[in-house]
Amino acid sequence: MSDFPTHCFPEPVEELLKGLGPIVGSRPEFGGLAALFAGSIVSARVTIEVKKGWMLHTNIYSAIVAEKGEAKSPAIKFMCGPIFSHFGKTSSEYLSAMEKWDEQVVKAKHLPKKEMIPMMDHLEDTKPEMPWWGIITDGTVEGIRKVAGENNIAGHPSRIGRYNDELDGWIQSMNKYSEGGDMAFYLQAHDGDIHIKANKGEKSSCP
């Protein structure tokens with residue numbers, strides 16, 4: 001019998017968590033943690049004022065640690081499947097549209113000047129809109145910071161959910177490319193502070 005407080009969730013979610021055993025052979029706490037992860041992304045525009053002047057965002061770091069064969073990944077993918085699919089679909093469609101747009105730009109640049117200028121103006125007006133990049137499964141700190149900044153410029157939440165199927169993979173990758181800055185970045189990002197980068201030719205700013 002699990003002591004995980006399923007009753008704290010909305011009733012439909014609670015019913016899902018209680019049914020994880022028959023559905024995917026998993027435990028409610030695994031699905032509950034996945035639901036909290038999904039919720040922190042979906043509620044990206046929500047800020048809580050704990051007390052006057054002290055604002056907190058719904059940021060969460062979580063990990064499931066259990067024996068092999070306890071259906072950790074199936075529970076996560078069952079609960080988070082819809083948002084994984086959504087962000088995968090929108091990012092794939094955007095990248096495909098941008099590839100076609102870039103091809104048109106290259107062709108336009110080879111036109112005579114009189115034709116090129118109006119064509120470039122048209123292409124600028126019809127450039128695919130960047131979707132919200134809300135989920136990543138891999139990425140360096142520099143890459144995450146860049147995507148968060150692009151989200152912010154495009155008017156989307158800077159919030160990014162990072163999902164690693166293996167916790168050890170995330171830990172082992174820390175500081176591999178950023179010369180020791182990974183831990184500091186993740187701690188600062190958890191607080192929801194403004195993060196400014198301006199060295200080695202890279203300049204970015206994002207909440």
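The preceding data block contains the structure.
In this text, all values refer to a predicted model and were calculated from it rather than measured experimentally. (Residues numbered from 1 in each chain as written. Predicted model: local features only at pLDDT ≥ 70, side-chain atom pairs only at ≥ 80, totals over all residues. Heavy atoms only, no water.)

Caption draft 1: Representation of the side chain of asparagine 151 in the model. Position of asparagine 151 relative to the elements: it lies in helix H6 (residues 141-153). A polar contact is formed between the side chain of asparagine 151 and the backbone oxygen of tryptophan 133, at a distance of 3.0 Å. The contacts of asparagine 151, once residues within four sequence positions are left out, are Met130, Pro131, Trp132, Trp133, His156, Pro157, Ser158, Arg159 and Ile160. (Helix = DSSP H or I, 4+ residues; strand = E, 2+ residues; numbered from the N terminus. Polar contact = N/O pair within 3.5 Å; in protein donor to acceptor, adjacent residues only side chain to side chain. Contact = heavy atoms within 4.5 Å.)

Caption draft 2: Representation of the packing of helix H4 (residues 72-108) against helix H5 (residues 113-125). Remark: H4 packs on H5, axes separated minimally by 10 Å, with the N-to-C direction vectors making an angle of 165 degrees. Of the possible angle classes, the one that applies to H4 and H5 is roughly antiparallel. Where H4 crosses over H5, the two elements pack in a sense that is left-handed. Across from Trp101, Gln104, Val105 and Ala108 in H4, the residues of H5 making contact are Met116, Met119, Met120, Leu123 and Glu124. Residue classes in the contact of H4 with H5 are distributed as 7 nonpolar, 1 polar and 1 charged. (Axes fitted to C-alpha atoms, helices over the stretch in contact; angles between N-to-C directions. Parallel < 35°, antiparallel > 145°, perpendicular 65-115°, else oblique. Left-handed = near helix turned anticlockwise from the far one by under 90°. Nonpolar A, V, L, I, M, F, W, Y, C, P; charged D, E, K, R; others polar.)

Caption draft 3: Spotlight on the state of the cysteines. A full pass over the atoms with the stated rule returns 0 disulfides. Between cysteine 8, a cysteine without a disulfide, and cysteine 80, which holds the nearest cysteine sulfur, the sulfur-to-sulfur distance is 18 Å. Residue class for cysteine 80 comes out buried when judged on its relative accessible area of 0%. (Disulfide = S-S within 2.5 Å. Buried < 20%, exposed > 50% of the residue type's maximum accessible area, 1.4 Å probe, protein only.)

Caption draft 4: Spatial organisation of unusual backbone geometry. Positive phi, normally seen in glycine, also occurs at alanine 71, with a value near 60 degrees. You can call alanine 71 buried: its relative accessible area is 14%.

Caption draft 5: Quick look at H6. The end-to-end C-alpha distance of H6, which contains 13 residues, comes to 18 Å, matching closely the 18 Å that a straight helix rising 1.5 Å per residue would cover. In the segment just after H6, glycine 155 is the residue with positive phi, at about 85 degrees. (Expected span 1.5 Å × (residues − 1).)

Caption draft 6: Main features of the pairing of strand E1 (residues 47-51). As defined by bridge partners, E1 adjoins strand E2 (residues 54-57) across 4 bridges and the pair is classed as antiparallel. Bridge assignment links threonine 47 to a residue of E2, and that residue is histidine 57. (Pairing = 2+ DSSP bridges.)

Caption draft 7: Broad picture of the layout of surface pockets. Volume-wise, the largest pocket comes out at about 1,200 Å³. As for the largest pocket, its lining consists of 44 residues, of which Phe37, Ile60, Tyr61, Gly161 and Arg162 are closest to the centre. For the lining of the largest pocket, the secondary structure elements donating two or more residues are helix H3 (28-42), H4, H6, strand E4 (161-162), helix H7 (167-173) and helix H8 (182-191). Ranked by residue count, the leading element in the lining of the largest pocket is H3, at 5 residues. Across the lining of the largest pocket, the residue classes tally to 24 nonpolar, 12 polar and 8 charged. (1 Å grid on protein atoms, 1.4 Å probe; cavity = no way out; pocket = protein on both sides within 12 Å on 5 of 7 lines; lining within 4 Å. Points joined across faces, edges and corners; volume = space filled by probe spheres on them.)

Caption draft 8: Looking closely at the environment of proline 157. Looking at the secondary structure, you find proline 157 in the loop between H6 and E4. The exposure class of proline 157 is buried, given its relative accessible area of 11%. For the pair formed by proline 157 and methionine 79, sequence separation is 78 residues and the distance between their alpha carbons is 22 Å.

Caption draft 9: View of the pattern of salt bridges. Using the criterion set out here, one finds 6 salt bridges in the structure. A salt bridge links glutamate 70 to arginine 27, with the shortest nitrogen-to-oxygen separation between them at 2.2 Å. A residue pair is termed long-range when its members are at least 10 positions apart, and glutamate 70 in the loop between E2 and H4 and arginine 27 in the loop between helix H2 (20-24) and H3 qualify at 43 residues. Taking the relative accessible area as the measure of exposure, glutamate 70 reaches 23% and is therefore partly exposed. Given a relative accessible area of 34%, arginine 27 falls into the partly exposed group. Its salt-bridge partner being glutamate 150, residue lysine 146 comes within 2.7 Å of it at the nearest N-O pair. Residue lysine 146 and its partner glutamate 150 are both found in helix H6; the two are separated by 4 residues, about one turn of the helix. Through salt bridges with shared partners, a single ionic network connects Arg27, Glu29 and Glu70. (Salt bridge = Lys/Arg side-chain N within 4 Å of Asp/Glu carboxyl O.)

Fair warning: the whole summary comes from geometry, so function is off the table for now.
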